[in-house]
Amino acid sequence: MSTILISGASSSLAADIVSRYKKSKHRLILLFRTLDKKTIKEYKHKDYVLLEGDINIEKNFNKIEKFFLNKSININFAIHFNGVHSFKTIKLIKNEDFKNVYDANVLSFINFVKLITKINLSKNLESILTISSVSSLKGNKAISLYSSSKSSLNNLVKSFALELSQRKIRVNSVNLGHIHSGMGLEYQKNFGKSLYQELEKKHPLGFGNTKDLFHIIEFLSNKTKARWITGANINLDGGYSI
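Residues numbered from 1 in each chain as written. Predicted model: local features only at pLDDT ≥ 70, side-chain atom pairs only at ≥ 80, totals over all residues. Heavy atoms only, no water.

K.L.:
Looking at this structure, I do not really get the packing of helix 4 (residues 95-116) against helix 5 (residues 144-164). What am I missing?
P.N.:
Two measures define how a pair of helices packs: the angle their axes make with one another and the distance between the axes. In contact at an axis separation of 10 Å, helix 4 and helix 5 are set at 20° when each is read in the N-to-C sense. Judged on the interaxial angle alone, helix 5 and helix 4 are roughly parallel. Crossing of helix 4 against helix 5: the hand is right-handed. The segment helix 4 lies against helix 5, with Asp 97, Phe 98, Val 101, Tyr 102, Asn 105, Val 106, Phe 109, Ile 110 and Val 113 engaging Leu 145, Tyr 146, Ser 148, Ser 149, Lys 150, Ser 152, Leu 153, Leu 156, Val 157, Phe 160 and Leu 164. Taken together, the residues that form the contact of helix 4 with helix 5 break down as 14 nonpolar, four polar and two charged. (Axes fitted to C-alpha atoms, helices over the stretch in contact; angles between N-to-C directions. Helix = DSSP H or I, 4+ residues; strand = E, 2+ residues; numbered from the N terminus. Parallel < 35°, antiparallel > 145°, perpendicular 65-115°, else oblique. Left-handed = near helix turned anticlockwise from the far one by under 90°. Contact = heavy atoms within 4.5 Å. Nonpolar A, V, L, I, M, F, W, Y, C, P; charged D, E, K, R; others polar.)

In structure tokens:
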């Protein structure tokens, strides 16, 4: 039985992926930035380990590390879902917006990798995956902070893949196109129905869904099928990036 750590578990996208693991034999450890009563109740009868803490805060980082060491938990596969969207035009961007977006989308991945690659935690670690965006490849109006942060994330993947190759730990990202999820509803709310429909037309195969993402996650977590893939930024976008 593999142990899978999912960070950013409070996002709607991560929650959808977690639900697809319910029939698997994997042991899931879910890391939330904040853990509320509703979430605890939702997962009460499931055999998951729930952790709370913003890993960008040092005391939380140390607390989570200590938990893993005390429980002698070794992770096999780790998925980073942390991140925020930002819809702001040039004239509206403030310095604090830059910090908030890059802390959530870039720094959180650095700290995530630092945490799980500690020697005592990574004896069985095979693969690390972060969810990036096709926006890292194609710009659009009002998403300059978001798209640039995802480009940074993809370059971190390449550097970390080289650093960790000697330990046979693979590091990859998925450049996700637009899928039917909570993020889609957020986009439609910010830009309106007509622009949302226009965006769908830019995806030759239409919008995707979380099942499409889950298939890629399953593949990249498989040490036999994906053993020779590392440092890859894999496009999963229905042809949007063509």
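Okay, back to it.
K.L.:
So what exactly am I meant to see when it comes to the packing of aromatic side chains here?
P.N.:
The way to describe two aromatic rings as a pair is by their centre distance and the angle between their planes. Under the criterion given, the structure shown has seven aromatic pairs. Ring centres of Phe 109 and Phe 160 lie 5.7 Å apart, and the angle between their planes is 40°; this geometry places the pair in the tilted category. Residue Phe 109 is found in helix 4, and its partner Phe 160 is found in helix 5; the two are separated by 51 residues along the sequence. Arranged with centres 5.2 Å apart and planes meeting at 55°, the rings of Tyr 196 and Phe 207 form a pair that is tilted. With a gap of 11 residues between them, Tyr 196 in helix 7 (residues 193-201) and Phe 207 in the loop between helix 7 and helix 8 (210-221) connect regions that are remote in the sequence. With respect to burial, Tyr 196 and Phe 207 carry one shared label: buried. Aromatic rings pair up to connect Phe 32, Tyr 43 and Tyr 48 into one cluster. Against the face of Tyr 240 rests Lys 138, its NZ or CZ located 4.7 Å from the ring centre. (Phe/Tyr/Trp six-rings, centres within 6.5 Å; stacked < 30°, edge-to-face > 60°. Buried < 20%, exposed > 50% of the residue type's maximum accessible area, 1.4 Å probe, protein only. Lys NZ or Arg CZ within 6 Å of the ring centre and 35° of its normal.)

K.L.:
Help me understand the environment of Ile 242, please; the structure alone is not making it clear to me.
P.N.:
Looking at the element boundaries, Ile 242 is found in the segment after strand 7 (233-236). Each C-alpha atom of the pair Ile 242 and Ser 108 lies 29 Å from the other, and the pair is 134 residues apart in sequence.

K.L.:
What is the right way to look at unusual backbone geometry in this model?
P.N.:
Among all residues except glycine, the phi angle is most often negative; among peptide bonds, the trans geometry is most common. For Ser 72, which is not glycine, the phi dihedral falls at a positive 55°. You can see Ser 72 is positioned in the loop between helix 3 (58-71) and strand 4 (77-80). Of note in this structure, Ala 142 is not a glycine but carries a positive phi near 70°. Mapped onto the secondary structure, Ala 142 falls in the loop between strand 5 (127-133) and helix 5. Judged by relative accessible area, Ala 142 falls into the buried class, the value being 18%.

K.L.:
What exactly am I supposed to notice about the pairing of strand 4 here?
P.N.:
Along any regular strand, the residues point their side chains to alternate faces of the sheet. Alternating positions in strand 4 separate into two faces, Phe 77 and Ile 79 on one and Ala 78 and His 80 on the other, with burial throughout. Of the strand pairs in this sheet, strand 1 (residues 3-7) and strand 4 are connected by four bridges, and their pairing is parallel. Across the sheet, the residue bridging to Leu 5 is Ala 78, located in strand 4. One crossover worth recording links strand 4 to the parallel strand 5 by way of helix 4, and it is right-handed. (Pairing = 2+ DSSP bridges. Right-handed = clockwise from strand over helix to strand, strands pointing away.)

K.L.:
Looking at this structure, how should I read the pairing of strand 2 (residues 27-32)?
P.N.:
Of all six residues in strand 2, five are buried; the element is thus mostly enclosed. Relative to strand 2, strand 1 runs parallel, the two sharing five bridges. The residue of strand 2 that forms the bridge with Leu 5 is Ile 29. Between the parallel elements strand 1 and strand 2, the chain passes through helix 1 (residues 12-20) in a crossover that is right-handed. Examined bridge by bridge, strand 2 and strand 3 (residues 48-52) share five bridges and lie parallel to one another.

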